[in-house]
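The lines below spell out each chain.
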Amino acid sequence: NGFFTFDPGFMSTASCESSITFIDGDEGVLLHRGYPIEQLAVSSDYLETCYLLLNGELPTPAQKEEFTAEIKKHSAVDPSVANIIKSFKRESHPMAILCSAVAALAAVYNDEIDITDEASRKLTAYRLIGQMPTLSAMVYKHSKGEEFIAPDDSLSYAENYLNMTFGTAGKAPNVSKTIAKAMDRIFVLHADHEQNASTSTVRLSGSSGTNPFAAIAAGISTLWGPAHGGANEAVLKMLEEIGTVENIEACVARAKDKTSGFRLMGFGHRVYKNFDPRAKVMKQTCDEVLAELGLENDPLLAIAKRLEQIALEDPYFISKKLYPNVDFYSGIIMKAIGIPTEMFTVIFALGRAVGWYSHWNEMVSGPYKIGRPRQQYTGSPKRDYPNK
Ligand code: CMC
């Protein structure tokens, strides 16, 4: 006791060195390999951003083509995993199924994985990034009681996901360029966020030398919570509960009342104390998608905008530096696209898979130690077992 630094919630502990993502929370800056997220969201696309996160540099056109081909080549899911998904009750939460499906990939590939071999690790990245959209769509199709749709190599990454989600056998869905672009942008905006709870989980789990799919399944479990990725689902439920603009003041008052146990979902961030740069792009994308779909007057959007305005002017939120985060507007976009609320965190996981992999890969590529925090013991001192 007293020998160890006590830092609950890791408020001031750097757990590793990393060259992947930089955040300046006071200035609202997020850089991937040096590139600002606002520029990547608008000018790049998800697979290019994946390549950047994995390799440290943007790809040449030839490298991009080769990378895209590898992802497509590895997008089909083993039938054993499809059967596992089918074995779940239809009403199971999609995040519970996704955890199990990704953990099942550990079983499928265990004999082929050598974490000390770069080529083997690359293959793991292709399999993970290739199969996340397929698995996510299968989870959705299972909940609807519909047939799984196979990946289609002729489509872009986002189009393929939307096709596998909303297509039916022999009939492709009507996906406009704006919708596909918005989906892709959601993936880009979620791709990585340095040592957040789920990524730290993947690193800690991976530090024992475990199978990378098992480590990433642990990350998915962590993401599910409402303080992390589960917030996007919670935001939409909150907006629906508020119901009308007149009820916003009461909701804000409840969030300020510590005895209520309620927080304004989609507000606040451990690191961003000025604004979340991802939220700005998300808000703009939300406006574009709703305009394209003729939903500018969507009541939920009106509630979200008014809620944001009221909270941003409220002394409680100002003094605690609480701003809308990435999850505040993403749910409205996904709802407009037709994605059910319980699938929102699955989509976060889909986009974040590359971030989890990149951090795991960075760790196992160099010297690393098993993560093993200590504690401050607060229990009984030594005592003798009573004579009977
Ligand atoms: N509504 C009302 N009060 C809040 C909120 C909120 N959303 N967030 C923080 N506070 C208050 C909190 O009660 C505390 O007050 P006090 O100092 O009087 O005790 C103060 O602000 C600091 O909060 P904290 O919990 O110590 O801050 P944290 O850095 O540990 O938590 C957070 C960060 C994101 C978990 C938190 O802001 C929160 O619960 N937000 C709502 C959930 C959410 O939107 N999560 C998504 C995060 S972004 C996407 C992701 O990373 O997955």
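Quantities reported herein were computed from a predicted structural model and do not represent experimental measurements.

A sheet is described by the order of its strands in space; here three strands give the open sequence E1-E2-E3, paired in antiparallel fashion. At either end of the open sheet lies a strand with only one pairing partner, and these are strand E1 (21–24) and strand E3 (35–36).

Moving on: the site of the ligand. Taken together, 22 residues sit near the ligand, with His228, Lys258, Leu264, Arg270 and Tyr316 positioned nearest. Taking Phe267, its main chain carries an N or O atom lying 2.9 Å from a nitrogen atom of the ligand. Separating an oxygen atom of the ligand from a side-chain N or O atom of Arg270 is a distance of 2.8 Å. Taken together, the residues of the shell around the ligand break down into 11 nonpolar, six polar and five charged.

The N-to-C vectors of helix H5 (residues 94–109) and helix H17 (residues 344–365) enclose an angle of 30°; their axes lie 8 Å apart at closest approach. The handedness of the crossing between H5 and H17 comes out as right-handed. The segment H5 lies against H17, with Pro94, Met95 and Leu98 engaging Thr345, Val346 and Ala349. Considering only residue class, the contact of H5 with H17 consists of five nonpolar, one polar and no charged.

Taken from the UniProt record, the annotation "active site" (unreviewed entry) applies to His269 and Asp327. A maximum C-alpha distance of 10.6 Å places the annotated residues, which cover 59 residues in sequence, within one compact spot. Locating His269 in the fold gives a position in the loop between helix H12 (248–256) and helix H13 (277–292). With residues near it in sequence (within four places) discarded, His269 still touches His193 and Arg278. Only 2.9 Å separates the side chain of His269 from the backbone nitrogen of Val271, close enough to count as a polar contact.

This next bit is on the packing of helix H11 (residues 231–242) against helix H16 (residues 326–337). Where H11 contacts H16, the axes come no closer than 8 Å and their chain directions differ by 75°. Comparing the axis directions of H11 and H16 gives the class roughly perpendicular. Along its contact with H11, which presents Ala231, Asn232, Val235, Leu236, Leu239 and Glu240, the element H16 presents Asp327, Phe328, Ser330, Gly331, Ile332, Met334 and Lys335. Residue composition of the contact of H11 with H16, by class: seven nonpolar, three polar and three charged.

Let's shift gears to the environment of Ala231. Locating Ala231 in the fold gives a position in helix H11. Looking at Ala231, the relative accessible area reads 5%, which means it is buried. Once the C-alpha coordinates of Ala231 and Gly266 are considered, the two residues, 35 residues apart in sequence, prove to be 6.1 Å apart. Every residue in contact with Ala231, bar those within four places of it in the chain, is listed here: Gly225, Pro226, Met265 and Asp327.

The rules behind each value
- Every chain's residues receive numbers from 1 upward, in the order its sequence appears when written.
- Note on the predicted model: pLDDT of at least 70 is required for a residue's local features to be given, and 80 or more for side-chain atom pairs to be given and counted; whole-chain, interface and lining totals, by contrast, use all residues.
- Where side-chain values are given, they derive from all heavy atoms of the structure, hydrogens and water being excluded.
- When DSSP finds at least two bridges between two strands, those strands are taken to pair.
- Per the convention used, a helix needs a DSSP run of H or I reaching at least four residues, while a strand needs a run of E reaching at least two, with both numbered from the N terminus.
- Any residue with at least one heavy atom within 4 Å of a molecule or strand is counted as near it.
- Here a polar contact means two N or O atoms within 3.5 Å. Within protein one must be a hydrogen donor candidate and the other an acceptor candidate, and residues neighboring in sequence count only if both atoms are side-chain atoms.
- Residues were grouped as follows: Ala, Val, Leu, Ile, Met, Phe, Trp, Tyr, Cys and Pro as nonpolar; Asp, Glu, Lys and Arg as charged; and all remaining residues, including Gly, as polar.
- For every element, the axis is a line fit to its C-alpha atoms; helices are fit only across the contacting stretch, and the angle between N-to-C directions ranges from 0 to 180 degrees.
- The sense of a crossing depends on the near helix, which, turned anticlockwise from the far helix by less than a right angle, makes the crossing left-handed and, turned clockwise, makes it right-handed.
- Here, residues are in contact when the closest pair of their heavy atoms is within 4.5 Å.
- UniProt positions are given in the numbering used here, feature names are shortened, and annotations may be inferred rather than shown by experiment.
- For classification, angles of less than 35 degrees are called roughly parallel, those exceeding 145 degrees roughly antiparallel, those between 65 and 115 degrees roughly perpendicular, and all remaining angles oblique.
- Only protein chains enter the area calculation, which uses a 1.4 Å probe; residues under 20% of their type maximum are buried, those over 50% are exposed, and those in between are partly exposed.

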